[in-house]
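Below, each chain spelled out in residue letters.
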Amino acid sequence: MMDGSRRSFLKIGGLSVLGLSGVRVWNVFAATQEAGHEAAAEAAGALQWAMVIDMKKCWDYQEKQPCTDCMTACHGIHNVPEIADPKREIKWLWTDLYQHAFPTEGHEYPPAEAKGKPFLLLCNHCSNPPCVRVCPTQATFKRPEDGVVMMDFHRCIGCRYCMAGCPYGSRSFNWQDPRPFIKELNMQFPTRTKGVVEKCNFCAERLAKNLYPACVEVCKAKALTFGNLGDPTSPVRELLKQHYTIRRKNELGTGPNVYYIV
Amino acid sequence: MLEKALEGSKSYWRLLVTLLVLAGIGFGCYLLQLNQGLRITGMSRDVSWGFYIAQFTFLVGVAASAVMVVLPYYLHHVKVFGKITILGEFLAVASVTMCLLFIVVDLGKPMRLLNVLLYPTPNSVLFWDMVVLNGYLFLNIVIGWTVLGAERKGVAAPAWVKPLIYLSIPWAVSIHTVTAFLYAGLPGRHFWLTAILAPRFLASAFAAGPSLLILLAYFVRKRSKFDPGDEAFEKLSQVVAYAMCVNVFFVLLELFTSFYSGIPSHMEGFIYQFSGLEGHGKLMPFMWLSAILSVIAVLMLLSKKKRSQEKTLKIACVLVFIALWLEKGLGLVITGFIPNPFNTVTEYWPTFPELGITIGVYATGFLVLTVLYKVAIAVKEENL
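Residues numbered from 1 in each chain as written. Chains lettered and ligands numbered in written order. Predicted model: local features only at pLDDT ≥ 70, side-chain atom pairs only at ≥ 80, totals over all residues. Heavy atoms only, no water.

All names here are of chain A. Taken in spatial order, the four strands make up an open sheet running S8-S1-S10-S9, and their pairing is mixed. Of all strands in the sheet, those bounded by a partner on one side alone are strand S8 (224-228) and strand S9 (245-246). Sheet topology note: the strand S1 (residues 49-54)/strand S10 (residues 258-261) ladder contains four bridges and is parallel. Counterpart to Ile53 in the pairing with S10 is Tyr260. Those strands touched by helix H3 (residues 55-64) are S1 and S10, and its axis lies near 45 degrees from that of S1. (Pairing = 2+ DSSP bridges. Helix = DSSP H or I, 4+ residues; strand = E, 2+ residues; numbered from the N terminus. Contact = heavy atoms within 4.5 Å. Axes fitted to C-alpha atoms, helices over the stretch in contact; angles between N-to-C directions.)

Our focus in this paragraph is the confidence of the model for chain A. Summing up the model confidence of chain A, the mean pLDDT is 84 and the portion of residues at 70 or higher is 83%. Between residues 1-42 of chain A, whose pLDDT stays under 50, and residues either more than four places distant or in other chains, the model counts 32 contacts. (pLDDT = per-residue confidence, 0-100.)

In this structure, the largest pocket occupies an estimated 610 Å³ of space. What lines the largest pocket is a set of 22 residues, among which Tyr12, Phe219, Arg223, Lys374 and Ile377 of chain B lie closest to the centre. Where the lining of the largest pocket is concerned, the elements lending two or more residues are helix H1 (10-36), helix H8 (197-223) and helix H14 (352-382) of chain B. Sorting elements by how many residues they give to the lining of the largest pocket places H14 of chain B first, with nine residues. Residues belonging to the lining of the largest pocket are distributed by class as follows: twelve nonpolar, four polar and six charged. Put simply, the second largest pocket is a space of about 440 Å³. Along the wall of the second largest pocket there are 22 residues; nearest its centre are Thr72, His75, Gly76, Val80 and Glu82 of chain A. For the lining of the second largest pocket, the secondary-structure elements that each account for two or more residues are helix H4 (69-77) and strand S2 (93-97) of chain A. No other element matches H4 of chain A, which puts five residues into the lining of the second largest pocket. Split into classes, the residues belonging to the lining of the second largest pocket amount to eleven nonpolar, six polar and five charged. (1 Å grid on protein atoms, 1.4 Å probe; cavity = no way out; pocket = protein on both sides within 12 Å on 5 of 7 lines; lining within 4 Å. Points joined across faces, edges and corners; volume = space filled by probe spheres on them. Nonpolar A, V, L, I, M, F, W, Y, C, P; charged D, E, K, R; others polar.)

To continue, consider the packing of helix H9 (residues 230-261) of chain B against helix H10 (residues 264-274) of chain B. All names here are of chain B. Following both chains from N to C, one finds H9 and H10 inclined at 120 degrees, their axes separated by 8 Å at the closest point. With respect to each other, H9 and H10 are oriented oblique. Here H9 runs over H10; the crossing is left-handed. Residue-level inspection shows Glu254, Leu255, Ser258 and Phe259 of H9 in contact with H10, the latter providing His266, Met267, Phe270 and Ile271. Of the residues that constitute the contact of H9 with H10, the class distribution is five nonpolar, two polar and one charged. (Parallel < 35°, antiparallel > 145°, perpendicular 65-115°, else oblique. Left-handed = near helix turned anticlockwise from the far one by under 90°.)

Geometrically, a packed helix pair is captured by the angle between its two axes and the distance between the axes. Residues and elements named next belong to chain B. One way to put it is that helix H3 (residues 65-75) packs onto H8 with a least axis distance of 7 Å and a crossing angle of 85 degrees. Compared by their axis directions, H3 and H8 come out roughly perpendicular. Across the interface between the two elements, Ser65, Val67, Met68 and Val69 of H3 pack against Phe206, Gly209, Pro210 and Leu213 of H8. Residue composition of the contact of H3 with H8, by class: six nonpolar, two polar and no charged.

Turning our attention to the interface of chain A and chain B. Every contact between the two is made by 49 residues of chain A and, on the other side, 43 residues of chain B. Between chain A and chain B, the buried area comes to about 3,600 Å², and carbon and sulfur atoms account for 54% of it. Together, Ile157, Tyr161 and Trp175 of chain A form the three largest contributors to the area buried by chain A at its contact with chain B, with a combined 19%. Run the count over chain A and chain B and you get one salt bridge. The residue Asp106 of chain B makes a salt bridge to Arg160 of chain A at a minimum N-O spacing of 2.6 Å. At the boundary of chain A and chain B, one finds 33 residue pairs in polar contact (both at pLDDT 80 or more). Among the secondary structure elements, those contributing two or more residues to the side of chain A that touches chain B are S2, helix H5 (98-101), helix H6 (130-134), helix H7 (161-165) and strand S6 (172-173) of chain A. (Buried area = accessible area lost by both parts, 1.4 Å probe. Salt bridge = Lys/Arg side-chain N within 4 Å of Asp/Glu carboxyl O. Polar contact = N/O pair within 3.5 Å; in protein donor to acceptor, adjacent residues only side chain to side chain.)

This paragraph deals with the pairing of S10 of chain A. All names here are of chain A. Side chains Val258 and Tyr260 project from S10 onto one buried face, and the interleaved Tyr259 and Ile261 project onto a second face that is buried too. With two bridges joining them, S9 and S10 adopt antiparallel strand pairing. From the neighbouring strand, Ile246 faces S10, where its bridge partner is Tyr260. (Buried < 20%, exposed > 50% of the residue type's maximum accessible area, 1.4 Å probe, protein only.)

With that out of the way, let us pick up the pattern of salt bridges. Within this structure, the stated rule accounts for 19 salt bridges over all chains. The salt bridge partner of Glu198 of chain A is Arg192 of chain A, with a shortest N-O separation of 2.7 Å. Among the charged side chains, a salt-bridge network with shared partners connects Arg221, Asp227, Asp230, Glu310 and Lys314 of chain B.

On to empty space enclosed by the protein, then. Residue and element names in this part refer to chain A. Counted according to the given criterion, the structure contains six cavities of 30 Å³ or more. Taken as a whole, the largest cavity encloses approximately 180 Å³ of empty space. The wall of the largest cavity is formed by 18 residues, among which Cys58, Gln62, Cys67, Cys70 and Cys219 lie closest to the centre. Only H3, H4 and strand S3 (118-122) provide two or more residues apiece to the lining of the largest cavity. Per-element tally for the lining of the largest cavity: the top contributor is H3, with four residues. Classifying every residue of the lining of the largest cavity gives 13 nonpolar, three polar and two charged.

As structure tokens, this is what we get:
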């Protein structure tokens, strides 16, 4: 399931956490491990999970048969409630039209291929996330070890400042108790209560077990690629090298870590 | 001193009971919201702040009433304001109380409110807003109460209160600036993303706050033996006139930059407000009303004759207050969410329970105001 380079990076990341957080550990091994420590520190600073989405693969696959596997898997394992009212709905992974996903990019005459086609949207796990900047309790935070923008559902006070801050509409608020709207409960993941904000977590609970995010794993079209942006040999970096890619609202300086091949 | 609030005329008690009933209705609606969640409001995924946060924003402005009398009195020795500084300070106390209540009723998890103190986060403007609002509340209560207490005993105010008074002046500027920064620093919310938002907040605050103060002072003069003096009204009306002109000027600057540059994201907010966007235009009548009232108010205030007559000054102040309430207490916050991040329009309209809670908070604020004013006026009447 895991490619070699990713596993090795996880290991190095783990090592560097030891090295950086425990001075005493460092002193004991100082002489022999100096070189390794430096390499590990450098690698840890660079670990940033990212995703490259090739919508063409998805559309090609969907010409044969309609597919919502990624969204179903994501919302299923994360106990995302199914609320029909668009004003109150909760979305972690969803689709929208090109002109809505990239409102500043489009023009009147898009290529026939992209016109009316859905684009897959999720939290961008920005390098410079405004939601994290504005949160008054650090209930949303960027994990230093791998760049995932996380939510602490138990600390969130429900002020919704992060929703005003996010320029991607990636955050949803529980306007009501979500539990009655969960079809099938996954006991491995917490449900939320009314009054807190939630969003995609890049499957942090799966990353912890060295597993890919669920959407990536279940995609039959292989349209989603996940990897470490800091590793020049990672599959995401390979794709970025080979294709022209765009990010949503690049001009805002948020540094989205979800790329779209066009 | 508080015992002075326990004796009053029938109409005083009638007012208190009315406000208590309204606050009670609001509290009932709030219990419903606590039970059901914020779905009982008109807010949505796209317009995630509504009436509550808009009222909070507007009332931060009303709290400026204090500084517009304190600053001339203490820094420029404008003696005519000496009698009414207490009215300005107590109005500020009531306004900030309402601000804080509006923030609390907007929270999805109000029981976790103290997380803001438990995990202080200097990079969040909301954290700083909490600091400056509570600080301003504290300053005005302490200053107002101490100075009034000294006045009652016929002695000079203690020396330690002076530094607090001077501190309260820049502090008043800080509450508007920081509140504007809540909005003006968000990428992708182009209606708010403008450096002139803080100056606009200050200008509209210095118009709305003193105009309400003028109306309240007239009411006090009519219903009690305490007279703030004609000169105080005249000076305050000048403050309102200047501030309102500056506010209108700032709005015009905003319109110029948006429409001369022609950048869609900068224009869309105003287009939504004044002519509707993608077929949505719920705010249109209110925004036009605000614009028209602003122009009439400015014309009235510019005329010295109209400004110096009680009747026309009162009308002008009412117009200023309504115009700015529509601009800030209705238009500014909601429009910031339109269009949404997907460049489509989801409109917002408050629900009845939401309005009930809003009225409840206002009633609570005016209850605080009534009691404080009652104490202040009783002391003033005693010393006549």
